[in-house]
Structure formats: structure tokens, C-alpha cells
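# Architecture and fold: a report
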Amino acid sequence: MSLIRFSTDALPTRDRAPVFRDLVGRRFINTEMMVNPAYPRPFYFSMALAMGETVRIAEVDFAAVDVHRRAADLHDGDDGVTCFLPTGVPVRSEHRDRRGVIRPGGAVLIGHAAPGASCWPDNHVTLLMFPRAAFADPAPIDAAGGLTHAPGRPLLKLLRAYLRSVWRDAEAGAGVPPAVERNLVAIVAGLAAHTADGMRRAAWPALGPARVAAMREVIARRAAEPGLSMREVAAAVGLSERSGHLTFAAAALSFSECLAGARLDLVRARLETGRPGRIIDIALDAGFGDVAHFNRLFRRRFAMTPSDMLHRGRATA
């Protein structure tokens with residue numbers, strides 16, 4: 001499905017709030033969203049939205065927004081669920097008679113079939129929007145509405161890391177495949193569970209593929225770090241070093257091979273530009289410490305030497 005981008009930056013200041021409220025709040029999120037006039041900074045809003053068959057994933061930056069879904073708004077029949085994942089500053093929320101603060105790195109589930117409100121200063125937030133029917137058992141989702149999740153919970157760390165992988169693929173044109181949607185539903189169902197055992201049971205179908213995708217994304221982002229280890233990669237998705245290796249082994253993957261492959265991709269991207277630079281420096285910048293080992297891996301992967309690829313890049317630049 002398509003990737004939709006929207007921003008108020010090009011709009012006159014007076015038009016930003018009404019367009020934001022009508023286009024974004026009502027069309028995409030089905031919620032009354034109002035600009036707080038007392039906020040000292042000018043209102044701004046930008047959003048990138050990835051559309052799956054059932055799941056919508058949005059990356060949003062905004063300031064001075066109060067979100068309300070009142071009892072009078074419930075007539076639209078929307079009984080979906082939104083998972084809010086802020087990364088900016090703490091956010092106040094109220095839902096199902098529960099008041100709380102969502103810390104950066106935390107999360108909260110909000111059900112659209114009940115009134116709710118939240119107050120957002122300058123922030124970046126990831127939104128996962130699901131129809132209630134996406135969950136085989138929506139009762140735990142309903143019961144969890146308004147409960148905030150503290151940063152650092154392993155399943156929440158996995159969700160955030162997995163979303164970076166999902167978002168990268170969506171930006172590359174892959175959309176949100178059905179298998180990925182099912183994984184996201186399972187992970188959010190796990191967050192809604194009241195016990196650790198219930199959390200594992202609900203999220204179990206998604207754990208393997210989500211962990212693999214999330215760890216590969218961490219490797220891709222941090223491949224240039226010379227000392228990057230499985231311990232650091234696994235910790236980024238809420239796993240121990242041993243569990244990280246076992247997860248890769250179950251998928252017939254090797255950490256060292258994935259890391260080398262990501263580093264080779266960094267080198268290739270640099271060489272194909274044809275920009276000047278010593279190959280040894282390019283290899284070191286990509287995280288390789290042994291140049292002879294790098295050369296062997298490069299020839300095996302690309303069937304040419306790094307010098308050949310550099311010359312080809314200069315010829316086509």
C-alpha cells in the first residue's frame with residue numbers, strides 16, 4: 001500500500017489548525033484533534049503514514065495539540081485501537097477513567113469506542129492504528145485501554161525496534177505486508193496482557209520474525225561501529241546475548257555474516273558514488289578492522305575487487 005506524507009509547513013499559519021483537524025484528525029485518525037491556543041509556539045504538524053490492509057502506521061511530529069474523543073464523537077462507529085509510542089517528552093493521557101503520563105520510550109493503548117483525551121507538547125510519536133476486529137480476542141485490549149507502559153519493557157523495546165525495520169521497508173516501497181500486520185497485532189496484544197505468561201502467549205507468533213527483523217535493522221544502523229557485538233544488538237530489542245544467537249540460529253542466520261554483509265553494503269554504497277578516497281579508509285569507516293579479510297569478503301560477495309567497483313562508480317558518476 002502507499003506511503004502518504006502530509007505537512008502544514010507550506011500552509012499559512014491561520015489555515016494550519018483547520019486543515020490538520022479536518023484532514024488528519026477526521027480522515028485518518030477519526031478523532032477530534034484541536035490546537036491548544038495557549039501554547040507559546042506556532043502550531044506545526046507533519047506526518048508520514050504507511051497503509052496496510054488493516055494496520056496504519058504513522059510517524060508524526062507536532063506541537064500544541066490536544067486530542068479528544070468525547071462521548072458525542074462515538075456515533076461514528078469507530079471501535080478501533082491506537083497504540084501511542086512517544087519519543088519526545090512526557091504526555092498526559094486520560095482514558096476509561098485512567099489518568100497517566102506516557103514517558104518517552106513508553107506506550108499507551110487507546111480504544112476508540114470509549115472517550116479519551118491526551119495533551120501533546122512538542123513531540124514525535126509513532127501511532128499504530130488497528131481495527132478492533134484485527135484482534136482474535138479484543139477483551140484484553142479493551143481492558144488495557146488507558147494503561148501506560150513504562151520504557152524498557154522487553155516487548156516494548158522489541159516493538160519499537162521492529163517498527164524501525166517495518167518503516168524502512170515501507171519507505172522503500174514494500175508497504176506493510178500481511179505477515180508484518182499479523183506480527184504487529186500479536187505484539188500489541190501481548191502488551192495488553194495482564195501477566196507475563198499471557199504476554200508471551202499473545203505475542204508468541206510474532207516473536208521470531210519480529211526479533212530477526214529488528215536485530216537486522218539494528219545491525220544495519222550500527223554496522224560501522226567497530227566493536228558492535230551480539231550483546232548490544234540483542235539488548236536493543238530486549239533480548240539477552242544468548243537469546244539473540246538462538247533467534248538467529250532458528251532463522252538459519254549468523255550474526256557475523258549479517259554484520260559483515262551490512263558493512264559490505266556500506267562500502268558498496270560509498271564506492272558506487274565514485275567519490276575520491278582510499279579504499280582502506282572506506283573499509284575502516286564501515287567497521288572492518290582486517291583489510292585482508294575485507295578484501296576476501298568483498299570479492300566473494302560482488303565478484304570484483306573494491307578497486308574495480310570504485311572505477312566503475314567513477315565512470316558512471
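Rules used in this analysis
Residues numbered from 1 in each chain as written. Predicted model: local features only at pLDDT ≥ 70, side-chain atom pairs only at ≥ 80, totals over all residues. Heavy atoms only, no water. Buried < 20%, exposed > 50% of the residue type's maximum accessible area, 1.4 Å probe, protein only. Helix = DSSP H or I, 4+ residues; strand = E, 2+ residues; numbered from the N terminus. Arc of directions from axis to C-beta. Contact = heavy atoms within 4.5 Å. Salt bridge = Lys/Arg side-chain N within 4 Å of Asp/Glu carboxyl O. Core = buried A, V, L, I, M, F, W, Y, C linked by side-chain atoms within 4.5 Å. Expected span 1.5 Å × (residues − 1). Pairing = 2+ DSSP bridges.

### Concerning helix 11 (residues 306-316)
Among all positions of helix 11, only P306, M309, L310 and G313 are buried. Angularly, the buried residues of helix 11 cover 100° about the axis, an arc narrow enough to put them on a single face. On its buried face, helix 11 sits against helix 8 (255-271), helix 9 (279-285) and helix 10 (291-302).

### Focus: the pattern of salt bridges
The tally for this structure, following the rule as stated, stands at 15 salt bridges. The residue R5 makes a salt bridge to E171 at a minimum N-O spacing of 3.0 Å. Of the two residues, R5 is situated in strand 1 (residues 3-7) and E171 in helix 3 (residues 154-171); the sequence distance between them amounts to 166 residues. For R5, a relative accessible area of 55% gives the class exposed. E171 gets classed as partly exposed once you look at its relative accessible area, which sits at 44%. Taken together, the shared-partner salt bridges connect R168, D169, E217 and R221 into one network.

### Considering the nonpolar core
Among the nonpolar cores identified, the biggest contains 57 residues, and I57, L128, L159, Y162 and L184 are the most heavily contacted of them. When near neighbours in sequence (up to four residues on either side) are disregarded, I57 contacts A48, L49, A50, T126, L127, L128, L163, V166, W167, V176 and L184. Core analysis: the next-biggest nonpolar cluster, separate from the first, contains 21 residues, F45, M47, F84 and W120 among them.

### Some words on helix 3
Counted at 1.5 Å a residue, the expected span for helix 3 with its 18 residues is 26 Å, and the 26 Å between its end C-alpha atoms agrees. Within helix 3, the full set of buried residues consists of L155, L156, L158, L159, R160, A161, Y162, L163, S165, V166, W167 and A170.

### So, the pairing of strand 3 (residues 45-51)
Most of strand 3 is tucked away: 6 of the 7 residues are buried. In this structure, strand 1 lies alongside strand 3, joined through 5 bridges in antiparallel fashion. Paired with F6 across the two strands is M47, which belongs to strand 3. Where strand 3 meets strand 4 (residues 56-62), 7 bridges bridge the pair, whose relative direction is antiparallel. Looking at the pairing, S46 lines up with D61 of strand 4. Counted along the chain from strand 3 to the antiparallel partner strand 4, the turn is 4 residues long.

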